[in-house]
Amino acid sequence: MQFHNRHSHQAITLEYGGLVDRLKNTKQKDWIKACRSLGLVVQEDRGKGSHCRVVRSEDCNPSEPDCLVMTIPRTQLSANQRAHVKQLVAFGLAYDRYTEKDVWEALGIKIKH
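A few points on the structure. Worth saying up front: this structure is predicted, and the values here are computed from it rather than measured.

## Considerations on the packing of aromatic side chains
Moving on, step 1. A full pass over the atoms with the stated rule returns 2 aromatic pairs.
Moving on, step 2. With a centroid separation of 4.8 Å and 40 degrees between ring planes, the pair formed by F91 and Y95 is classed as tilted.
Moving on, step 3. Ring plane angle 45 degrees and centroid distance 6.4 Å describe the contact between F91 and Y98, whose orientation is recorded as tilted.
Moving on, step 4. F91 sits in the buried class, given a relative accessible area of 0%.
Moving on, step 5. Among the aromatic side chains, those forming a connected cluster through ring pairs are F91, Y95 and Y98.

## A closer look at the sheet that holds strand β3 (residues 68–72)
Moving on, step 1. Strand order in this open sheet of 3 strands is β1-β2-β3, and the pairing throughout is antiparallel. Edge positions in the sheet fall to β1 (41–43) and β3, since each has one partner strand and no second. Each neighbouring strand pair of the sheet contributes to a mean axis angle of 25 degrees, computed without reference to strand direction.
Moving on, step 2. For β1 and strand β2 (residues 52–55), the ladder comprises 3 bridges, and the chain directions are antiparallel. Within the sheet, the bridge partner assigned to V42 lies in β2 and is V54.
Moving on, step 3. The sheet strands contacting helix α2 (residues 28–37) are β1, β2 and β3, and the helix crosses β3 at an angle near 160 degrees.

## Comments concerning α2
Moving on, step 1. Of all the positions in α2, only Q28, W31, I32, A34 and C35 are classed as buried. When α2 is viewed along its axis, its buried side chains cluster within an angular range of 165 degrees and face the same direction. Of the exposed residues in α2, the ones pointing more than 90 degrees away from its buried face are K29, K33 and S37.
Moving on, step 2. G39 occupies a position one or two residues after α2 and carries a positive phi of about 90 degrees.

## Quick word on the nonpolar core
Inside soluble globular proteins, nonpolar side chains tend to come together where they are buried.
Moving on, step 1. Grouped together as the largest cluster of nonpolar side chains are 30 residues, with contacts concentrated most on V85, L88 and W104.
Moving on, step 2. The set of elements that each furnish at least two residues to this core consists of α2, β2, β3, α3 (78–94) and α4 (100–106).
Moving on, step 3. Those residues within four positions of W104 in sequence are excluded, and the remaining contacts are Y16, L19, V20, L23, V85, I109 and I111.

## Describing α3
Moving on, step 1. A rise of 1.5 Å per residue sets the reference length of α3, with its 17 residues, at 24 Å; its end C-alpha atoms lie 25 Å apart and thus fit the reference within 8%.
Moving on, step 2. Restricting attention to buried positions, one finds in α3 the residues Q81, H84, V85, K86, Q87, L88, V89, A90, F91 and G92.

The rules we used
Residues numbered from 1 in each chain as written. Predicted model: local features only at pLDDT ≥ 70, side-chain atom pairs only at ≥ 80, totals over all residues. Heavy atoms only, no water. Phe/Tyr/Trp six-rings, centres within 6.5 Å; stacked < 30°, edge-to-face > 60°. Buried < 20%, exposed > 50% of the residue type's maximum accessible area, 1.4 Å probe, protein only. Pairing = 2+ DSSP bridges. Helix = DSSP H or I, 4+ residues; strand = E, 2+ residues; numbered from the N terminus. Axes fitted to C-alpha atoms, helices over the stretch in contact; angles between N-to-C directions. Contact = heavy atoms within 4.5 Å. Arc of directions from axis to C-beta. Core = buried A, V, L, I, M, F, W, Y, C linked by side-chain atoms within 4.5 Å. Expected span 1.5 Å × (residues − 1).

Without other data, these values stay purely geometric and don't point to any function.
Structure below.
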């Protein structure tokens, strides 16, 4: 299965989408920590910009479209938080690596049952 995150995450409906409001003060370092806890590789030293690249594994070629999971800008806008969560969820589901609940847990947000 090929994963093209720029398109597939848009079709994701978050079961716990209301939790996005709790991400208002989430910083780049928080997203980096969450991605690493989900087993993704964060490349902080790529390029000249302030974005970090998140790829699926150490051995993938970043120029391949299914290698890139997401980019994390230094400055986080609240409008981007939902898209970030959806990108992580879409990747996790596409590769059967983790679930939406795992993403929320990695971000430090508890889901009440």
